[in-house]
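What follows is each chain in one-letter form.
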Amino acid sequence: MGSAFGVAVVGFGWMGRVHTQAYARVPHHFPGLSLRPELIAVADEVPGRAEEAAAQYGFATAARDWREVAADPRVRAVSVAAPNFLHREIGVALAEAGKHLWIEKPVGLDAADARAVADAVAAAGVQGTVGFNYRNAPAVAAARELIAAGEIGTVTHVRIRLFSDYAAHPEGALTWRYERERGGSGVLGDLASHGVDLARFLLGEIASLTADTAVFVPQRARPTGATAGHIRATGGELGLVENDDYVSCLLRFASGARGVLEACRVSVGEQNNYGFEIHGTKGAVSWDFRRMGELGVSRGTSFQDQPVSTVYVGPGHGAYAAFQPGAANSMGYDDLKVIEAYNFLRSVEEGTPYGATLEDAVQSAAALDAMVRSAEKGTWTSPAG
């Protein structure tokens, strides 16, 4: 079974639950891992929430204050699933306390926050993994290999989309997500951060970009109590939505490829419509998260009128074999977080990073900051500043 390894979760909304369940499942899917996660502590500032989590999942300790987790010598690693505005403070403090860090994107409100956490992790000599889960899909891994092998030729252009309706209802509560000081840049941090990571993971660095942003639901009602997820609120005091509902961005890659990235949190009729279409000089590859185990692939020598085939991923792609024995068996969102947990624990076990790192978070945040600057000035800008 391997040696017990104390872990904790800070912030127990939906994502905290996903991390907890991933820790529990890792030994089942990756039995060769020598570290066996042991649920030591859970912290959440909402009264009663940590106690409920401890009772349901078996954490040894429940707390209101994350600082108790930082001070607990039994805890070796911590998942941070708290709101964005707390990422920097919590992430830096946990790293300085010698805890390995699995932290959700976007790692703070801007690139400075992400850099502070990355520097703290590096200075402490601990491992850090970031929640860019879509890169963990076996089909995405297969697309990356296909591109790298030159099977679609030289990449010419890409379109990346992240459309959702989680904020589309006009009665959606004015939670921290819609405040600039606590929620950062809105849909940019929530969704476009994933798009930037997919772009970099598949195609390399972004050299420059130009962006446009918009707020389509300008006012929302303030909630009257504790919130979790995307709750509704009626009758409360109306407040202004301070960050963006929508972003569209033109990308120029260091390779010379061009791209379009578009993200929206108020897309009525769209539920988790995430994916990409990548075109090259000899073919194309596409992926839709809602059909997670499939790739659309066009390759050959026809160029014009060249057909597209559906490829079902299988045990030879990414971490698929840890979940299913044969191609076209379905995987789900939570499986991607199990892969992420495995990469995190393997990083700790071997002392070398696997999966998305804090440096990936810094680069994603730098691109988001560049989008904000570009939208304000109406110009092309570089993620480098």
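The structure contained in this document is the topic of the report that follows. Bear in mind the structure is a predicted one, so any value in this text is a computation, not a measurement.

**Notes on a nonpolar patch on the surface**
Inference 1: Taken together, the side chains of Leu250, Val260 and Trp380 make up a nonpolar region of the molecular surface, amounting to roughly 250 Å² of accessible area.
Inference 2: Assignment of secondary structure puts tryptophan 380 in the segment after helix H10 (358-377).
Inference 3: When its relative accessible area of 37% is taken as the criterion, tryptophan 380 is described as partly exposed.

**Examining the packing of helix H8 (residues 187-203) against H10**
Inference 1: Viewed as axis vectors pointing N to C, H8 and H10 meet at an angle of 115 degrees, and their least axial separation amounts to 9 Å. Crossing hand, H8 versus H10: right-handed. Of the residues in H10, those in contact with Leu188, Gly189, Ala192, Ser193, Val196, Asp197 and Arg200 of H8 are Asp360, Gln363, Ser364, Ala367, Leu368, Met371 and Val372.
Inference 2: Looking at the contact of H8 with H10 residue by residue, the class counts come to seven nonpolar, four polar and three charged.

**Here we look at the pattern of salt bridges**
Inference 1: Following the criterion strictly, the structure yields 25 salt bridges and no others.
Inference 2: In this structure, aspartate 72 and arginine 74 form a salt bridge, with 2.8 Å as the shortest nitrogen-oxygen distance.
Inference 3: Assessed through its relative accessible area of 10%, aspartate 72 is described here as buried.
Inference 4: The partner of aspartate 288 in a salt bridge is arginine 290, and the shortest N-O contact between them spans 2.8 Å.

**Some points on the nonpolar core**
Inference 1: If you look at the biggest cluster of nonpolar residues, it comprises 94 residues, and the most contacted ones within it are Leu202, Ile278, Val285, Trp287 and Met371.
Inference 2: No other element matches the 10 residues that H8 contributes to this core.
Inference 3: Once you skip the residues sitting within four places of it in the chain, leucine 202 turns out to touch Val140, Ala143, Arg144, Ile147, Phe276 and Ile278.

**Regarding the side chain of asparagine 133**
Inference 1: Counting through the fold element by element, asparagine 133 comes out in the loop between strand S6 (128-130) and helix H6 (138-148).
Inference 2: Reaching out from asparagine 133, the side chain makes a polar contact with the side chain of tyrosine 333 at a distance of 3.5 Å.
Inference 3: Once residues within four sequence positions are removed from consideration, asparagine 133 is found in contact with His194, Tyr333, Leu336, Lys337 and Glu340.

**Looking at the pairing of strand S2 (residues 35-43)**
Inference 1: In terms of residue burial, S2 counts as a mostly covered element, since seven of its nine residues are buried.
Inference 2: Pairing of strand S1 (residues 3-10) with S2, which is carried by eight bridges, proceeds in the parallel orientation. Each residue of the ladder has a partner; that of valine 10, found in S2, is alanine 43.
Inference 3: The β-α-β motif built from S1, the intervening helix H1 (residues 14-29) and the parallel element S2 has right-handed crossover chirality.
Inference 4: Across three bridges, the pairing between S2 and strand S3 (residues 61-63) is parallel. Its bridge partner being in S3, alanine 43 is matched across the sheet by alanine 63.
Inference 5: The parallel pair S2 and S3 is bridged by helix H2 (residues 49-57), and the resulting crossover is right-handed.

**Comments concerning the packing of H6 against H8**
Inference 1: One can describe the packing of H6 onto H8 by two numbers: an axis separation of 9 Å at closest approach and a directional angle of 40 degrees. Judged on the interaxial angle alone, H8 and H6 are oblique. Counting all contacts with H6, which are made through Val140, Ala143, Arg144 and Ile147, the residues of H8 involved are Leu198, Phe201, Leu202 and Leu203.

**What about H10?**
Inference 1: An ideal rise of 1.5 Å per residue puts 28 Å on 20 residues; H10 measures up with 29 Å between its terminal C-alpha atoms.
Inference 2: Packing partners of the buried residues in H10 comprise strand S5 (100-103), helix H5 (111-124), S6, H8, strand S8 (206-214) and strand S11 (246-253).
Inference 3: Where H10 begins, the side chain of threonine 357 points an oxygen toward the backbone nitrogen of glutamate 359, at a separation of 3.3 Å.
Inference 4: Residue glycine 378 follows H10 closely and has a positive phi angle near 70 degrees.

**Comments concerning the environment of alanine 257**
Inference 1: Topologically, alanine 257 is positioned in the loop between S11 and strand S12 (258-264).
Inference 2: If sequence neighbours within four positions are ignored, alanine 257 has contacts with Val155, Thr156, Leu251 and Arg252.

**Concerning helix H4 (residues 87-96)**
Inference 1: Along H4, the residues classified as buried are His87, Ile90, Gly91, Val92, Leu94 and Ala95.
Inference 2: Of the surrounding elements, those touching the buried residues of H4 are S1, helix H3 (66-71), strand S4 (77-80), S5 and H5.
Inference 3: Phi turns positive one or two residues past the end of H4, at glycine 98, with a value near 85 degrees.

Analysis parameters
Residues numbered from 1 in each chain as written. Predicted model: local features only at pLDDT ≥ 70, side-chain atom pairs only at ≥ 80, totals over all residues. Heavy atoms only, no water. Patch = residues over 30% accessible without salt bridge, like charges linked within 9 Å, V, L, I, M, F, W, Y side chains within 5 Å. Areas by Shrake-Rupley, 256 points an atom, 1.4 Å probe, with all protein chains shown as cover. Salt bridge = Lys/Arg side-chain N within 4 Å of Asp/Glu carboxyl O. Helix = DSSP H or I, 4+ residues; strand = E, 2+ residues; numbered from the N terminus. Buried < 20%, exposed > 50% of the residue type's maximum accessible area, 1.4 Å probe, protein only. Axes fitted to C-alpha atoms, helices over the stretch in contact; angles between N-to-C directions. Left-handed = near helix turned anticlockwise from the far one by under 90°. Contact = heavy atoms within 4.5 Å. Nonpolar A, V, L, I, M, F, W, Y, C, P; charged D, E, K, R; others polar. Core = buried A, V, L, I, M, F, W, Y, C linked by side-chain atoms within 4.5 Å. Polar contact = N/O pair within 3.5 Å; in protein donor to acceptor, adjacent residues only side chain to side chain. Pairing = 2+ DSSP bridges. Right-handed = clockwise from strand over helix to strand, strands pointing away. Parallel < 35°, antiparallel > 145°, perpendicular 65-115°, else oblique. Expected span 1.5 Å × (residues − 1).

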